[in-house]
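Spelled out, the chains give:
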Amino acid sequence: MSADFSILDPETLAAQALGFVDVGTGGIVPPVFPSTTYVRDEAYELVSGRLYSRADNPNYDLVEEVVARLEAGADAAVFASGNAAGAAIFQALRPGDRVLIPAVMYWALRGWIMNWAVPWGLKVEEVDMTDLEAVRIALANEKTALVWIETPANPSLEVTDIAAVVELAREVGARVAVDSTFATPVHTQPLVLGADLVMHSATKYLNGHSDVVAGIVVTREKDAFWDGLKKGRFQAGHVLGPFEAWLLLRGLRTLFVRVRAQSAAAMRIAERFEGDLRVEKVLYPGLPGFLGHEVARKQMKEGFGGMMSICVNGDALKVAGRLQLFKRATSLGGVESLVEHRATVEGAESSVAKNLLRLSVGIESVEDLIADLDQALGR
Ligand SMILES: *Cc1c(COP(=O)(O)O)cnc(C)c1O
């Protein structure tokens with residue numbers, strides 16, 4: 001008899017991809033299904049229920065089932081990127097709908113919202129999501145369709161109280177979507193806290209190996225909004241390829257060990273450099289002195305994530321230039337540690353502090369990482 005995967009712990013579901021065994025071969029890893037189309041029988045009925053890979057593919061199904069279970073959701077949909085996943089949520093709204101977005105959020109998704117969603121007709125307003133009174137006032141002003149949360153936020157790690165924002169949004173009938181890329185389902189399950197949708201850049205921790213660009217949205221309920229979002233994916237076609245979906249499932253199997261190790265290492269690094277004279281401040285939700293720490297303790301379990309930022313005293317670009325182990329590269333969530341000077345990457349319009357270096361902590365020896373940062377910070 002095989003195990004009952006409806007009752008097992010999330011790390012078990014992830015490690016065994018819900019106990020997948022290929023019926024035909026007994027293989028414990030699924031094949032890649034590159035077929036773009038699916039056959040019909042003599043009566044012209046679809047044999048597997050699948051029509052065409054812009055809509056359906058067994059590789060999407062499996063990864064969607066695993067992530068839906070990890071997030072305690074009813075269904076999930078993979079997308080060609082995290083931004084495509086985020087955009088799909090906004091595109092499932094109607095022109096004229098009002099949306100609240102946080103003052104600090106992933107800048108490239110914010111860029112898409114400003115350049116495309118706003119001209120298309122969404123009424124977008126920025127609010128400090130960490131300030132519940134500001135959220136309450138913004139929601140009281142005018143009917144709102146969607147509240148967008150990102151927590152911890154990229155790149156300065158602001159923490160938003162998901163359950164509290166959900167409570168305020170529920171009172172006025174607004175939907176809540178959470179970009180949970182930094183938190184991962186290891187630390188936070190936004191749907192359990194009452195959010196309606198959770199989105200991930202699966203390029204980051206879910207895949208974890210810096211070799212797939214992917215996104216995913218998970219829904220708490222299969223409602224009309226969700227049907228519209230799925231239809232939008234089928235019609236617009238920003239779906240993931242089967243090989244990328246296959247790689248993503250492979251990465252997901254080790255999510256829990258990777259993220260736990262990365263969070264533990266990030267905590268060590270944060271504690272080591274907090275108060276160091278060469279550092280102005282360390283931005284990390286795990287530090288008791290960090291502004292969002294109490295909320296993070298409430299809604300994050302098993303650690304505070306592998307992302308942190310360090311504001312240095314002095315020239316951040318010089319510090320980044322001296323790092324030998326941390327790779328100077330954008331992106332995050334992979335097994336190798338990365339450093340990024342966001343102000344350079346975001347360009348002239350960036351409001352990110354010039355002395356801020358964002359660190360994505362990998363799974364290397366934490367002693368090696370600390371030694372590298374220590375020598376790079378100089379005397
Ligand atoms: C990277 C990232 C995205 C965008 O994801 P892509 O896969 O690069 O399109 C969205 N939100 C956050 C928080 C991210 O870090």
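Quantities reported herein were computed from a predicted structural model and do not represent experimental measurements.

Here's the deal with helix α14 (residues 366-377)
Given 3.6 residues to a turn, an α-helix orients residues that are three or four positions apart in the same direction. Here α14 spans 16 Å end to end across twelve residues, near enough to the 16 Å set by a 1.5 Å rise per residue. For α14, the set of buried residues is Val-366, Leu-369, Ile-370, Asp-372, Leu-373, Ala-376 and Leu-377. Angular distribution of buried residues about the axis of α14 spans 160°; they occupy a single face of the element. Looking at the buried positions of α14, the neighbouring elements they touch are α10 (255-273), β8 (279-283), β9 (307-312), α12 (316-322) and β12 (356-360). Of the residues one or two after α14, Gly-378 is the one with positive phi, at around 75°.

Things to note about the sheet that holds strand β10 (residues 327-328)
Strand-to-strand pairing in sheets goes through backbone hydrogen bonds, with the strands running parallel or antiparallel. Strand order in the open sheet formed by five strands is β8-β9-β12-β11-β10, with mixed pairing between adjacent strands. Two strands in the sheet have a free side with no partner beyond their single neighbour: β8 and β10. Pairing analysis gives two bridges linking β10 to strand β11 (residues 338-340), with the strands arranged parallel. Note that in β11 the partner of Lys-327 across the bridge is Leu-338.

Brief notes about the UniProt feature "modified residue: N6-(pyridoxal phosphate)lysine" (unreviewed entry) in the protein chain
The UniProt record annotates "modified residue: N6-(pyridoxal phosphate)lysine" (unreviewed entry) at Lys-204. Inspection of the secondary structure puts Lys-204 in the loop between β6 (197-201) and β7 (215-219). Looking at Lys-204, the relative accessible area reads 10%, which means it is buried. Discounting chain neighbours no more than four positions away, the residues touching Lys-204 are Thr-181, Ser-331, Leu-332 and Gly-333.

What counts as what
- The numbers attached to residues start from 1 for each chain and follow its sequence in the written order.
- Whole-chain, interface and lining totals are the exception, using all residues; otherwise, since this is a predicted model, local features are given only for residues with pLDDT of at least 70 and side-chain atom pairs are given and counted only at 80 or more.
- To obtain the side-chain values, all non-hydrogen atoms of the structure were included, while hydrogens and water were left out.
- Starting at the N terminus, helices and strands are each numbered in turn, a helix being any DSSP run of H or I of at least four residues and a strand any DSSP run of E of at least two.
- Multiply 1.5 Å by the residue count of a helix minus one, and that product is the helix's expected span.
- Note on classification: 1.4 Å probe, protein chains only; a residue is buried when its accessible area is under 20% of the maximum for its type, exposed when over 50%, partly exposed between these limits.
- Here the arc refers to the directions that run from the helix axis out to each C-beta atom.
- Residues are treated as being in contact if the distance between any of their heavy atoms lies within 4.5 Å.
- Two strands make a pair as long as DSSP finds a minimum of two bridges between them.
- UniProt positions are given in the numbering used here, feature names are shortened, and annotations may be inferred rather than shown by experiment.

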